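# A look at the structure
Read off the chains here:
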Amino acid sequence: MLKLENVVTHYGNIQALKGISLEISRGEIATVIGANGAGKTTTLKAICGLVGVTSGKIFFEEKDITGKPTPDIVSSGIAMVPEGRRIFPRMSVLENLQLGAYLNNDKNDVRKDMERVFELFPILKQRLKQVAGTLSGGEQQMLAIGRALMAKPRLLLLDEPSMGLAPMIVSSIFDIITEINQSGTTILLVEQNAQMALSIAHKGYVLETGRIVMEDTAENLLHNEQVKKAYLGE
Amino acid sequence: MFFQQFFAQVMNGLTLGSTYALIALGYTMVYGILELINFAHSEIYMTGAFVGLIMVTVYKLPFAAALLAGMAGSCILGVIIEKIAYRPLRKATRIAPLISAIGVSIFLQNAALLVFGPQARAFPANFSAAALNFGFVQISSLQLLILVISVLLMIGLHLLIHRTKIGQAMRATAQDKETAQLMGIRIDRVISFTFAIGSALGGAAGVLVGVYFNSADPMMGFFPGLKGFVAAVLGGIGNIPGAMVGGLILGLAEVFGAVYMSQYKDAIAFAVLILILLFKPTGLMGRRIQEKV
């Protein structure tokens with residue numbers, strides 16, 4: 001469904017991704033784990049066109065999307081939940097959700113999608129008129145995921161959804177990610193919390209300083225000695 | 001007697017202030033979305049006045065048509081300036097577009113001097129004011145017209161920003177450009193649109209002031225432009241209701257200040273600017289940026 005071939009990106013003169021190749025099949029949860037600064041966020045930004053690709057190709061559903069403007073990539077069926085949630089803090093919850101559906105001009109359809117988001121996150125319905133910046137961290141993360149779902153993505157990119165959240169909230173967020181996946185959305189999850197990520201993913205990649213150093217089923221990675229040592233704190 | 005004079009001064013202040021507010025909106029909208037002070041806004045205002053003047057004198061059009069033409073002229077100019085002078089510098093250091101803005105401003109002033117000459121041009125006599133009597137107070141018809149038009153434009157802007165999809169896209173782009181793109185918003189279009197609306201409001205102010213003072217000249221944008229900027233800072237730069245309130249306060253301050261020290265009329269705005277920067281740099285309605293991470 002999504003395929004990266006030797007993707008290289010630069011920030012100025014610094015090479016951030018040094019040739020990343022990965023492939024995700026329809027219906028999967030794939031995860032990219034790695035330390036701070038390994039290039040996880042850059043990988044996601046390259047996929048949605050927020051970071052320019054120096055060389056290499058990105059294909060989504062067999063179509064080449066390398067170098068396309070972000071809005072085109074979003075309208076082709078990819079949505080992203082950015083790192084740090086990045087909700088619009090001075091807008092209401094409702095407006096944030098509406099913006100998620102910015103490219104959808106069918107009002108009835110938008111309403112239906114919003115009902116679906118409320119089924120996943122009932123708290124958002126109660127907070128509908130509240131200014132998003134005043135929500136708790138966990139609620140903001142729910143809003144960020146709900147907003148991304150409003151775009152009806154076939155591929156959902158999640159950047160560190162566990163960041164800064166209490167363990168209980170993290171596990172409920174991960175339950176919901178699994179639920180979203182089971183209803184048919186393919187997921188690419190980037191995480192520092194390797195334990196959580198590998199426990200829900202089908203497949204994992206380990207990223208170190210801009211290179212993929214390991215790829216395997218999530219199950220195997222969880223039991224891999226090197227991974228255990230470096231990322232699982234055992 | 002005192003009340004009559006007081007009321008007349010309030011009307012003068014509100015009239016002047018509402019034109020400052022219209023100018024301030026252009027600064028504040030552009031700042032809100034690009035964090036750029038568009039110093040060419042003074043000349044966008046001047047262009048509006050000249051387009052309006054040409055429509056009235058050359059084409060003998062009525063006031064309403066001249067106003068719309070002035071707004072359209074400024075709107076197109078604003079969009080072109082953004083495309084040529086600011087967009088190529090979007091990723092440059094912050095100072096670069098600012099210098100570019102000052103360059104555009106000087107260029108346009110001199111272009112207008114070449115085309116129209118340095119002397120002020122007058123609007124025809126049929127545009128002069130009649131006094132309307134409301135019991136014991138008098139209002140000039142022109143003042144009333146300027147106030148009504150300014151208020152209508154500001155209500156229109158408010159509805160545009162809060163009730164339409166493009167308005168929502170403008171607010172989203174102002175808050176977070178990268179995330180706005182992830183929503184599918186084409187931010188270049190939104191930025192163009194913001195320049196279009198802000199410049200059209202500046203053009204409207206140009207036509208209204210041109211008619212009010214019955215004159216237009218190439219340097220006319222200088223002081224109103226600076227004062228519009230002060231009004232925007234006073235209200236809190238980037239804050240739209242702030243620009244409206246800042247404009248009105250500045251207009252009133254100037255008119256009442258001039259009663260006591262008429263020779264320092266233009267200095268009042270800058271005294272206000274110094275005071276606000278000293279004591280409340282975020283402006284009256286500006287907010288500190290505070291976000292949860």
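Description of the structure in this document. Everything numeric here is computed off the predicted structure, so don't read it as measured data.

What follows covers the overall build of chain A. A count of helices and strands for chain A gives ten helices and ten strands. Structurally, chain A occupies a C-alpha span of about 45 × 40 × 30 Å along its principal axes. A total of 234 residues make up chain A; the buried ones form 56% of that total. Long-range pairs, those at least 24 residues apart, make up 67% of the contacts in chain A between residues at least 6 apart in sequence. Carbon and sulfur atoms make up 48% of the accessible area of chain A, which totals about 10000 Å². Between the averaged position of the 25 positive side-chain charges in chain A and that of its 26 negative side-chain charges there is a distance of 6 Å.

The subject of this paragraph is the overall build of chain B. Secondary structure assignment for chain B yields eleven helices and two strands. Relative to a compact globule of 293 residues, whose C-alpha radius of gyration would be 19 Å, chain B shows 19 Å and is just as compact. Along the first, second and third principal axes, the C-alpha set of chain B runs to 60 × 45 × 35 Å. For chain B, buried positions account for 51% of its 293 residues. Of the contacts made within chain B by residues no fewer than 6 positions apart, 77% connect residues no fewer than 24 positions apart. Surface summary for chain B: the accessible area is close to 13600 Å², and the carbon and sulfur share equals 70%.

This paragraph deals with the packing of helix H9 (residues 222-235) of chain B against helix H11 (residues 265-279) of chain B. A pair of packed helices is characterised by two quantities: the angle between their axes and the separation of those axes. Residues and elements named next belong to chain B. Where H9 meets H11, the axes come as close as 10 Å, and the angle between the chain directions of the two elements is 30 degrees. When the interaxial angle is binned, H9 and H11 end up roughly parallel. Taken as a pair, H9 and H11 cross one another with a handedness that is left-handed. Residue-level inspection shows Phe 223, Leu 226, Lys 227, Val 230, Val 233 and Leu 234 of H9 in contact with H11, the latter providing Asp 266, Ala 269, Phe 270, Val 272, Leu 273, Ile 276 and Leu 277. Among the residues making up the contact of H9 with H11, the classes are represented as eleven nonpolar, no polar and two charged.

For the rest of this paragraph, the subject is a nonpolar patch on the surface. Where nonpolar side chains cluster on the molecular surface, the patch consists of Phe134(B), Leu144(B), Val148(B), Val151(B), Leu152(B), Ile155(B) and Leu159(B) and spans about 590 Å² of accessible area. The biggest single contributor to the nonpolar patch is helix H5 (residues 141-163) of chain B, with six residues.

Once that is clear, we can look at helix H8 (residues 187-212) of chain B. All names here are of chain B. Look at H8: 37 Å from first C-alpha to last across 26 residues, which is about the 38 Å you get at 1.5 Å a residue. With 21 of its 26 residues buried, H8 lies for the most part within the structure. Asn 214 sits one or two residues past H8 and shows a positive phi near 55 degrees.

In this section: the sheet that holds strand E10 (residues 211-217) of chain A. Residues and elements named next belong to chain A. Strand order in the open sheet formed by six strands is E6-E7-E8-E3-E9-E10, and the pairing between neighbours is mixed. Two strands in the sheet have a free side with no partner beyond their single neighbour: strand E6 (78-81) and E10. Each neighbouring strand pair of the sheet contributes to a mean axis angle of 15 degrees, computed without reference to strand direction. Bridge count between strand E9 (residues 203-208) and E10: six bridges; the pairing is antiparallel. Each residue of the ladder has a partner; that of Lys 203, found in E10, is Thr 217. Packing of helix H6 (residues 137-149) onto the sheet brings it into contact with E6 and strand E7 (155-159), and relative to E6 it is tilted by some 170 degrees.

Right, let's get into the interface of chain A and chain B. Contacts between the two partners involve 31 residues from chain A, matched on the other side by 20 residues from chain B. Counting the surface lost from both chain A and chain B, the interface buries some 2500 Å², and carbon and sulfur atoms represent 55% of this. Considering only the surface of chain A that becomes buried against chain B, Phe88(A), Arg90(A) and Tyr102(A) emerge as the three largest contributors, covering 27% of it. Taken together, the links from chain A to chain B amount to five salt bridges. For Asp176(B), the salt bridge identified is with Arg86(A), shortest N-O distance 2.7 Å. Of all elements in the fold, only helix H2 (70-75), helix H3 (93-100) and H6 of chain A reach the threshold of two or more residues within the side of chain A that touches chain B. For the side of chain A that touches chain B, a count of residues per class yields 15 nonpolar, nine polar and seven charged.

Now for the pairing of strand E2 (residues 137-140) of chain B. All names here are of chain B. Alignment of strand E1 (residues 131-134) against E2, held across four bridges, turns out to be antiparallel. Along E2, the bridge assignment pairs Asn 133 with Gln 138. Linking two consecutive strands that pair antiparallel, namely E1 and E2, is a turn of two residues; a positive phi of about 60 degrees is found at Gly 135 within it.

A few words now on H5(B). Between its first and last C-alpha, H5(B) extends 32 Å over 23 residues, near the 33 Å set by a 1.5 Å rise per residue. Buried residues in H5(B) make contact with helix H1 (2-34), helix H3 (63-86), E2, helix H6 (165-175), H8 and helix H10 (240-260) of chain B.

Turning next to the pattern of salt bridges. Pairing between side chains of opposite charge can happen when their charged atoms approach one another. Inspection of every chain in the model, using the stated rule, returns 23 salt bridges over all chains. Notably, a salt bridge pairs Lys57(A) with Asp64(A), separated by 3.4 Å at the nearest N-O pair. Asp64(A) gets classed as partly exposed once you look at its relative accessible area, which sits at 30%. The salt bridge partner of Lys125(A) is Glu115(A), with a shortest N-O separation of 3.7 Å. Linking Lys125(A) in helix H5 (residues 122-126) with Glu115(A) in helix H4 (residues 107-120), this pair joins segments that are ten residues apart in sequence. We classify Glu115(A) as partly exposed; its relative accessible area is 38%. Salt bridges linked by common partners bring Lys45(A), Arg86(A), Asp176(B) and Glu178(B) together as one network.

Cut-offs and rules
- Residues numbered from 1 in each chain as written.
- Chains lettered and ligands numbered in written order.
- Predicted model: local features only at pLDDT ≥ 70, side-chain atom pairs only at ≥ 80, totals over all residues.
- Heavy atoms only, no water.
- Helix = DSSP H or I, 4+ residues; strand = E, 2+ residues; numbered from the N terminus.
- Buried < 20%, exposed > 50% of the residue type's maximum accessible area, 1.4 Å probe, protein only.
- Contact = heavy atoms within 4.5 Å.
- Areas by Shrake-Rupley, 256 points an atom, 1.4 Å probe, with all protein chains shown as cover.
- Lys, Arg positive; Asp, Glu negative; His and termini not counted.
- Charge placed at Lys NZ, Arg CZ, Asp CG, Glu CD.
- Rg over C-alpha atoms; globule rule 2.2 N^0.38 Å.
- Axes fitted to C-alpha atoms, helices over the stretch in contact; angles between N-to-C directions.
- Parallel < 35°, antiparallel > 145°, perpendicular 65-115°, else oblique.
- Left-handed = near helix turned anticlockwise from the far one by under 90°.
- Nonpolar A, V, L, I, M, F, W, Y, C, P; charged D, E, K, R; others polar.
- Patch = residues over 30% accessible without salt bridge, like charges linked within 9 Å, V, L, I, M, F, W, Y side chains within 5 Å.
- Salt bridge = Lys/Arg side-chain N within 4 Å of Asp/Glu carboxyl O.
- Expected span 1.5 Å × (residues − 1).
- Pairing = 2+ DSSP bridges.
- Buried area = accessible area lost by both parts, 1.4 Å probe.

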